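# A closer look at the structure
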Amino acid sequence: MSTDIDTANHRTGTPTRTSTVLSLVIGLAVVGLLLWRVDLVLAPVLVGSAGALCFAAGLWLVGLDRWVPVARGLAGLLALPVTLGLLVAILGTVLLIASTVLPVDSQAGLSLLSLTVITKVGVVAGCVFAVLGILLGVRNIVDEESVTAYFWVSVQTAVVPGIVGLFLATGAILTQQELGIGGAGFIDDFVRWVFVPGRLQTHLGTVFLLVALAAAALRAALDALPVAELIGDSGTGETDHWRISQLRTALQILAFGTAALCGVAFLVETIRRPIELQQLLGLGLYGTLTDLSTAPGLRSLLVVIIVAATGIWLGSVGLQRMATSSTRAALRRTGPFVAGGLITVGGIAFGRPIVETFISEVGWRLPAPFDEVFFSYATDVVDFFGPPPLVLTAAFLLLGMTVSFLLCFRLAVFAGYLSDESAGYSLASGGLFVAAAFAGTLATEAWVLFAALVGVFFVWDMGRYGTTMGSEIGRHASTRDAELVHAGGTLGVGLLGVGAAYGLQRLLAMGAVEQTPVAVIALVGALAGIIFLVTALR
């Protein structure tokens, strides 16, 4: 699948101004009403809305056809706080509720706490997705092409922090000490670990790792180079392509085999002390394995093979891309990788303040004795890995979650669960409905829920209507009178339905209608019939 999609030519119609303003005002008013009546959700929703704003801005940036590298680089940077805002909103809600309710002294109290957490997280998630849908609907920037383009931008942004984070985390595990980058201590430890490890014990794990990397690099270089074309005919009317195929297979088997042995060797050398391995293998065999696994010449040869083969592979792939790609397509790919590099540099430079702030912000909100346990485990993890690997790994995971979110978004648009014509307002109305439904389980007043339902219907209908008008006759056309008439009709229909529901609710509350199982089944059947009727009419 190509990652270079000119989304500017695929953008659907922009909604008309009047419908946009009405949908924006009503949607945000419903969100504000729910935040006013449900406590402990305001701050999480604001944080999640910041992530939603980053998502909308990033999706808009990938569709620009000017300053493409800069725009996509900024979109890559904005991909990081998208899921960060959503996670902070959800986890922040849990921490806020837990800090005010815990400890509980009964099973009933724990069950009540769980239900409260679930319902308020539902309110927060619904409000955040409502804000996201409203932001996306303002310019109607959602379609399959733009979401796919942002997907690949996020993937490319995650490459650099993922590789560097894996490298630092692996180094921390192997050296079992805190690592930093740019310091002489790290460089000395890494050079010693690769070339001249200690001769007091075996280092078969690192040797197998180097062999696996060398075999994989040789296989990649062999695949990238035109070896078969250079060999050609051997002079006997037959080619030697089968020999190349056998060599590729042998290198692949060697890479996978030594990689498996590497894991086993690391495990054995970690859980067994050198003296135990010496007694198990015998003095002669143990000494031979120690000399072989610590030989600087063998390790240097393997490193040279890895570096040379990797360089050949990168050069060959780069030349092939340059020959088959346009300059514009190449420039499109530079921005996200630069953004990933900036995230990596920032994570290394400010890793310790970020980790310390995270630990302190989470720890002091936890009730006793969970706070002491959290501080203990967090301190041990930081002392073992060091801040930079943790920050870069977290950045990679957050970008990966953004990629997963974009993939789900893409599938929802493709499958038709979100209308391609007005996906933003469909998402906004769905989010408002979810938030109102969960708010209804928190003893929220009936008028608040009914007002929210009217807002759900109004945002969905006016957003769709304005988008259709904008795509047919233009955003700046004189359609205010028609839109106001449609808005009045939509509001009237919504109020009529809510009035009927409110009257039924009052009858049930006064006992005018007996709440028997038969009555409940009848109401559920009537609701199902209405849903089936609407589906059939559609």
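Residues numbered from 1 in each chain as written. Predicted model: local features only at pLDDT ≥ 70, side-chain atom pairs only at ≥ 80, totals over all residues. Heavy atoms only, no water.

A separate point is the overall build of the protein chain. Scanning the protein chain from terminus to terminus reveals 20 helices and zero strands. When each of the 538 residues of the protein chain is scored for burial, the buried share is 37%. For the protein chain, restricting intrachain contacts to residue pairs at least 6 apart in sequence, the fraction spanning at least 24 positions comes to 84%. (Helix = DSSP H or I, 4+ residues; strand = E, 2+ residues; numbered from the N terminus. Buried < 20%, exposed > 50% of the residue type's maximum accessible area, 1.4 Å probe, protein only. Contact = heavy atoms within 4.5 Å.)

The end-to-end C-alpha distance of helix α1 (residues 17-37) is 30 Å, a good match for the 30 Å that 21 residues give at a rise of 1.5 Å each. The complete set of buried residues in α1 reads Thr-18, Ser-19, Thr-20, Ser-23, Gly-27, Val-30, Val-31, Leu-33, Leu-34 and Leu-35. (Expected span 1.5 Å × (residues − 1).)

Another aspect to go through is the nonpolar core. With 35 residues, the main nonpolar core has Phe-55, Leu-59, Leu-136, Val-142, Tyr-150 and Phe-409 as its most contacted residues. Looking at this core, the elements that each hand over two or more residues are α2 (42-61), α3 (68-101), α4 (107-139), α5 (144-175), α16 (387-415) and α17 (423-439). Here the element with the most residues in this core is α16; it accounts for nine residues. Beyond its immediate sequence surroundings of up to four residues, Phe-409 is in contact with Leu-136, Val-142, Val-147, Leu-418 and Leu-427. Val-30, Val-128, Ala-130 and Ala-428 belong to the second-largest nonpolar core, a separate cluster that totals 26 residues. (Core = buried A, V, L, I, M, F, W, Y, C linked by side-chain atoms within 4.5 Å.)

Next up on the list: the layout of surface pockets. Volume-wise, the largest pocket comes out at about 1,300 Å³. Lining the largest pocket are 36 residues, and of these Leu-84, Val-88, Ile-354, Phe-358 and Val-362 sit closest to its centre. Sorting the residues of the lining of the largest pocket by element identifies α2, α3, α13 (327-349), α14 (351-363), α15 (370-385) and α16 as the ones contributing at least two each. When residues of the lining of the largest pocket are assigned to their parent elements, the largest contribution, 10 residues, is made by α3. Taken together, the residues that form the lining of the largest pocket break down as 29 nonpolar, five polar and two charged. (1 Å grid on protein atoms, 1.4 Å probe; cavity = no way out; pocket = protein on both sides within 12 Å on 5 of 7 lines; lining within 4 Å. Points joined across faces, edges and corners; volume = space filled by probe spheres on them. Nonpolar A, V, L, I, M, F, W, Y, C, P; charged D, E, K, R; others polar.)

Their axes nearest at 9 Å, the elements α1 and helix α18 (residues 446-473) cross at an angle of 155°. As the angle between them shows, α1 and α18 are arranged roughly antiparallel. Read as a crossing pair, α1 and α18 show a hand that is left-handed. The residues of α18 that touch α1, namely those facing Ser-19, Leu-22, Ser-23, Ile-26, Gly-27, Val-30, Leu-33, Leu-34, Trp-36 and Arg-37, are Trp-447, Val-448, Ala-451, Ala-452, Gly-455, Phe-458, Val-459, Met-462, Gly-463, Tyr-465 and Gly-466. By residue class, the composition of the contact of α1 with α18 is 14 nonpolar, six polar and one charged. (Axes fitted to C-alpha atoms, helices over the stretch in contact; angles between N-to-C directions. Parallel < 35°, antiparallel > 145°, perpendicular 65-115°, else oblique. Left-handed = near helix turned anticlockwise from the far one by under 90°.)

Turning our attention to the packing of α14 against α15. Closest axis-to-axis distance for the α14/α15 pair is 10 Å, and the angle between their directions is 165°. Classified by the angle their axes make, α14 and α15 are roughly antiparallel. Between α14 and α15 lies a crossing whose hand is right-handed. Where α14 abuts α15, its residues Val-355, Phe-358, Ile-359, Val-362 and Gly-363 lie against Asp-371, Phe-374, Phe-375, Ala-378 and Val-382. Broken down by class, the residue content of the contact of α14 with α15 amounts to eight nonpolar, one polar and one charged.

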